[in-house]
Amino acid sequence: MNKFLLVIFLSICTSVTVSSQTAEFIERQGQVTFFSYTSVENIQATNNQVLSLFNPNTDEVAVSILMRAFVFKKSLMHEHFNESYIESDLYPKATFNGKIVGFDLTNDESQTRIIKGDFTLKDSTKPVDVKATITKTNDGYTISGTLDIMIDDYNIKVPPLLSPNISKKIEVTFNFNYAPYEK
Amino acid sequence: MKSNLVILAFLLSFSPLVVAQNLLDQLNDVPQTTNNYTMSTFKATRISIGHSVETRKKNTLEISFMSRYWNVPNSSGNAFVADKMSARFGLDYGISDRFTIGVGTSAPNGVADTYLKYRLLRQTDDNKNPFSISLLQTATYRTRRLNGITLRDNSGDKFAFTTQALIARKFTRDFSLQISPTFIHRTSSRSPLDDHNHFAVGFGGRYKLSNHVSVVSEYYYVANELDSRKTFGAFALGANWEVSKLMLQFKMTNNPFFVEDTFITQTIRNFNTNDGNFFFGFHATYHLQL
């Protein structure tokens, strides 16, 4: 009887480990860039430390962006971004959690799909549709695409005096290269 | 036998739980780090009248204009807004993120000043470093000969130096405090009664009212004051308003001076709103990224 239990126990263990080996892909140095174009000034910043998980079996994608890791050309913009607009001491991360609609696991080339999900920034969560291109690579996947963020949706307050400097619509581009996730 | 089955059921119920964990929750368990130096203990290189712990980032240049306005007691003049004014024009440049230099010149006293500021220790958000420490060294030179003073004929007698250790902590996101032990050395004094060396302690604070506006205050205590004249501790109360690349610092204070060795030791007015004692000023700083 004990042997029987042991076999069941081991089979559960192996099934769990097998699924965790193949299930997920991780990106630890994903790139996210945002642009704000206005006639007064252009603001651009890039984050090269974005963390993301992708599960091709469930079509799920999760992204975590550390706001302080955005790099600006101008140091004052970096300070204002963190201190006055994003308030990264209170809201250190932006996150995205979604599912690729109609993802084809058997497709070995690239496919353009909509990722439906929730984007959270400054504790405000809004449903977003992200147009993305998913490409199978040798050992993983590449997902890249663009997204427009309306700053009014995410509790980002711009003083009236400075509203000509900061666009209402922020363009976000991203590029993630996933490798198998070994825990 | 029964207990074994219970254990089995328990184990079986466990495995689907692991699988059902949200992908985002799983992501939150992966550590993510970046530098965690506390940002913006103060917003400018000056709290109000004196230096703050802040330095400028590499390759940034700040152009600043400081001014004070005041009335002369019992004046019969018809001056517009104020009877008198003093002003300083200055440049501050960040050689590296931790090392800032500055030069300035002020009128009508004709004092040329320079400073070096090095950011020795930076406070971190995880409180490993609970404080920030910056070291400040200034050198000033009096270009104008003051009336009736025969001392200071040699150029070597016209220098004064201030050394400060600026120790600050950002306690909350809104509130920062600074304590700055200060040593001042003058190569000459106007009166032979006065010591050339002074020890002082500066206290400064900032309270953030909104994302762009904060209230600041400073006070300087001098351990060995001048013997030839009655002096008071320099005091300032002001508001800082940040508009994009422009920093505006409005202040009310009890002296018309801009450099440490003068306002810390030679403030001869107490702080009140009487004519002659009340100095209103503003300091505009324009930030350029080179």
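Definitions and limits used
- Residues numbered from 1 in each chain as written.
- Chains lettered and ligands numbered in written order.
- Predicted model: local features only at pLDDT ≥ 70, side-chain atom pairs only at ≥ 80, totals over all residues.
- Helix = DSSP H or I, 4+ residues; strand = E, 2+ residues; numbered from the N terminus.
- Buried ≥ 20, exposed ≤ 12 C-beta atoms within 10 Å, placed from the backbone.
- Contact = placed C-beta atoms within 7 Å.
- Pairing = 2+ DSSP bridges.
- Axes fitted to C-alpha atoms, helices over the stretch in contact; angles between N-to-C directions.
- pLDDT = per-residue confidence, 0-100.
- Core = buried A, V, L, I, M, F, W, Y, C linked by C-beta atoms within 7 Å.
- Arc of directions from axis to C-beta.

## Here we look at the overall build of chain B
Secondary structure summary: chain B contains three helices and twelve strands in total. Sorting the 290 residues of chain B into buried and exposed places 35% on the buried side. For chain B, long-range pairs separated by at least 24 residues make up 56% of all intrachain contacts whose partners lie at least 6 apart in sequence.

## Quick notes on the overall build of chain A
When you go through chain A residue by residue, the secondary structure sums to two helices and nine strands. When the helices and strands of chain A are read in sequence order from the N terminus, they spell out α-β-β-β-β-α-β-β-β-β-β. The proportion of buried residues among the 183 residues of chain A is 27%. Contacts spanning at least 24 positions in sequence make up 55% of the contacts within chain A whose residues lie at least 6 apart.

## Focus on the sheet that holds strand S10 (residues 235–243) of chain B
All names here are of chain B. Ordered in space as S1-S2-S3-S4-S5-S6-S7-S8-S9-S10-S11-S12, the twelve strands form a closed barrel in which the pairing is antiparallel. Within the sheet, the average angular offset between the axes of one strand and its neighbour, ignoring direction, is 20°. One ladder, built from seven bridges, connects strand S9 (residues 213–222) with S10; its direction is antiparallel. In the sheet register, Ser214 faces S10, and the bridge partner there is Asn240.

## Quick look at the environment of Ser244 of chain B
Its place among the elements puts Ser244 of chain B in the loop between S10 and strand S11 (246–253). Take Ser244 of chain B: there are 18 C-beta atoms within 10 Å of it, and that puts it in the partly exposed class. Placed 32 residues apart in sequence, Ser244 of chain B and His212 of chain B show a C-alpha to C-alpha distance of 9.1 Å. Ser244 of chain B has contacts with Leu162 and Asn165 of chain A, leaving out every residue within four places of it along the chain.

## Overview of the confidence of the model for chain A
All names here are of chain A. Chain-level statistics for chain A give a pLDDT mean of 87 and a share of 88% at 70 or above. Averaged pLDDT values over the elements of chain A bottom out at 56 in helix H1 (residues 2–23) and peak at 94 in strand S9 (residues 169–180). Predicted confidence for residues 15–21 stays below pLDDT 50, and this span has four contacts to residues more than four positions away or in other chains.

## What to know about the nonpolar core
Leu53, Val61 and Ala62 of chain A are the most contacted members of the largest nonpolar core, which totals 37 residues. With five residues, the top contributor of residues to this core is strand S2 (residues 42–55) of chain A. In this view, Leu53 of chain A contacts Glu24, Ile26, Ala62 and Tyr181 of chain A together with Leu23, Gln26 and Leu27 of chain B; residues no more than four positions away in its chain are not counted. With 17 residues, the next largest nonpolar core counts Ile49, Met66, Ile184 and Ala200 of chain B among its residues.

## Looking at the pairing of strand S1 (residues 25–37) of chain A
Residues and elements named next belong to chain A. Looking at chain direction, S1 and S2 are connected through ten bridges and run antiparallel. Looking across to S2, one finds that Gly30 is bridged to Val50. Linkage of S1 to S2, two consecutive antiparallel strands, is achieved through a turn of four residues. With seven bridges joining them, S1 and S9 adopt antiparallel strand pairing. Each residue of the ladder has a partner; that of Phe25, found in S9, is Pro180.

## Comments concerning helix H2 (residues 75–85) of chain A
Residues and elements named next belong to chain A. Taken together, the buried positions of H2 are occupied by Met77, His80 and Phe81. The buried residues of H2 occupy an angular sector of 105° when projected down its axis, which confines them to one face. Contact partners of the buried residues in H2: S2 and strand S4 (71–72). Two residues or fewer after H2 comes Glu87, characterised by a positive phi angle close to 50°.

## Overview of the environment of Arg186 of chain B
As for its position among the elements, Arg186 of chain B is in strand S7 (residues 175–186). In contact with Arg186 of chain B, not counting residues within four places along its chain, are Ala160, His196 and Asp261 of chain B.

## Quick word on the pairing of strand S7 (residues 124–136) of chain A
Along any regular strand the residues' side chains alternate between the sheet's two faces. Residues and elements named next belong to chain A. Where strand S6 (residues 110–121) and S7 come together, twelve bridges link them in antiparallel fashion. Its bridge partner lying in S7, Arg113 is registered against Ala132. Of the strand pairs in this sheet, S7 and strand S8 (residues 141–150) are connected by six bridges, and their pairing is antiparallel. Paired with Ile134 across the two strands is Ile143, which belongs to S8. Where S7 hands over to S8, the hairpin turn is made up of four residues, counted between the paired strands.

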